[in-house]
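Residue-level structure breakdown
Below, each chain spelled out in residue letters.
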Amino acid sequence: MSATSLPLTIITGFLGSGKTTLLNGLLKDSRLERTAVIVNEFGEIGLDHLLVESAMDQMMLLDNGCLCCTVRGDLVDTLLDLLRRVEAEEIPAFDRVMVETTGLADPAPIVQTLATSEAVAERFHLHAVVTTVDGINGADTITEYPEARAQAAMADLLLVTKTDRPEANPARVSAALASLNPTAPRVAVSGGIVDPAVIIELGRAADHLAMEDAGNPDAEDHVHDGACGHDHDHDHGHHHGHDHAHGSVHGFDIQSVSLVLDEDMDWETLAGWLDWILALRGADILRVKGIVQPKGFDRPVLIHGVQHVFFPPTEMGDWPDEDRRSRLVVIARDIPATALKASLASYRANRAALDAPISVPA
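Below is a short write-up of the structure. Keep in mind it's a predicted model, so treat the numbers as computed, not measured. (Residues numbered from 1 in each chain as written. Predicted model: local features only at pLDDT ≥ 70, side-chain atom pairs only at ≥ 80, totals over all residues. Heavy atoms only, no water.)

Of all hydrophobic cores here, the largest spans 43 residues; its most connected members are Leu-79, Phe-94, Val-97, Val-111, Phe-124 and Leu-177. Ranked by residues supplied to this core, first place goes to helix α3 (residues 72-87) with six residues. With sequence-adjacent residues up to four places away left out, Leu-79 is seen in contact with Leu-8, Ile-38, Val-97, Leu-114, Val-120 and Phe-124. Of all hydrophobic cores here, the second largest spans 22 residues; its members include Val-257, Met-265, Trp-273 and Leu-340. (Core = buried A, V, L, I, M, F, W, Y, C linked by side-chain atoms within 4.5 Å. Buried < 20%, exposed > 50% of the residue type's maximum accessible area, 1.4 Å probe, protein only. Helix = DSSP H or I, 4+ residues; strand = E, 2+ residues; numbered from the N terminus. Contact = heavy atoms within 4.5 Å.)

The next subject is unusual backbone geometry. What is expected of a backbone is that most residues other than glycine have negative phi and most peptide bonds are trans. Even without being a glycine, Glu-89 presents a positive backbone phi close to 60 degrees. Position of Glu-89 relative to the elements: it lies in the loop between α3 and β4 (96-100). Classification of Glu-89 as exposed rests on a relative accessible area of 72%. Notably, Lys-162 is not glycine yet its phi reads approximately 60 degrees, a positive angle. Take Lys-162: it is sitting in the loop between β6 (157-161) and α8 (170-180). Overall, the relative accessible area of 24% leaves Lys-162 in the partly exposed class.

What follows is about the side chain of Ser-17. The residue Ser-17 is located in the loop between β1 (6-13) and α1 (19-27) in this model. Within the local environment of Ser-17, its side chain forms a polar contact with the side chain of Thr-132, the two groups lying 2.7 Å apart. Beyond its immediate chain neighbours, meaning those up to four positions away, Ser-17 contacts Thr-132, Val-133, Asp-134 and Thr-161. (Polar contact = N/O pair within 3.5 Å; in protein donor to acceptor, adjacent residues only side chain to side chain.)

Attention now moves to helix α11 (residues 267-281). The terminal C-alpha atoms of α11, which comprises 15 residues, lie 21 Å apart, in line with the 21 Å expected from a rise of 1.5 Å per residue. When α11 is considered as a whole, its buried residues turn out to be Thr-269, Leu-270, Gly-272, Trp-273, Leu-274, Ile-277 and Leu-278. N-cap assignment for α11: the residue whose side-chain oxygen lies 3.3 Å from the backbone N of Glu-268 is Asp-266. (Expected span 1.5 Å × (residues − 1).)

And the structure:
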């Protein structure tokens, strides 16, 4: 195991959506044989670790709570302990980590842990959030349970499971997911089996390749097997904003708001607006993903934030597609899309007024 940063993949999904079945299948593939697995459960007695057949000789099981709340500190300790055990030659070296959360976990605080713990951030980086969604009951579960909605909204990849079952309705589930998280690829899973490459090849660059859908609410999208392809039909206007709302019987309102900017924005304005909305409603900003071209930058910049925490922005080598417009996707809870768009317009106008030269009469 080298001293470079290791990828950490979060596998989440609601109760019974097929996380353990998925993980079992993945770990049988030789491409993932050097994977350390952390399994978390809700309850005092751990059972899932008995069902997971890991290629590693040692598995770290977190008990008594969920990763997103009572055992967040234990996640840091567990990751660092894994490194210590490798160095002490107590366990085999590993190339990546997969964390399977409880079915009731909100993945956002887990992502925050990776960003805010300096000791962890030096050795691990977030590879992706992968969410399993039941192909039979998933649409109803998303409507009924806020935890399921948060898991789907946070995902970099959505896996619609149980599509081989006769009672499955993957098209209905996919439609529900498209309105909640339009930028995440959706892959149909049959028999709990998915090509590991679909997950391995995810990453920060791949995460933003999906941004090409950001300005197009009508882009055709289907549940599909294997590759994550989409059809696109971009409408190039001056300033665009599209939102996808998903209601809930509990009043838990999550919206995915897409903002496309034809004009370059200076970095100070963009960063200032993000700081402003996070200060006001940070807990309700589930995720911000974007590829932007600030004024004065030669290359596009990747933006990735979760609630109050933003990862350091990174410059890309080039644009992932022919569209050179800055694009942001904000997944927010109980914040009207119109208010979010208006806040950006207002902040830009106020910033421009403050930067305008003052005319002094002669």
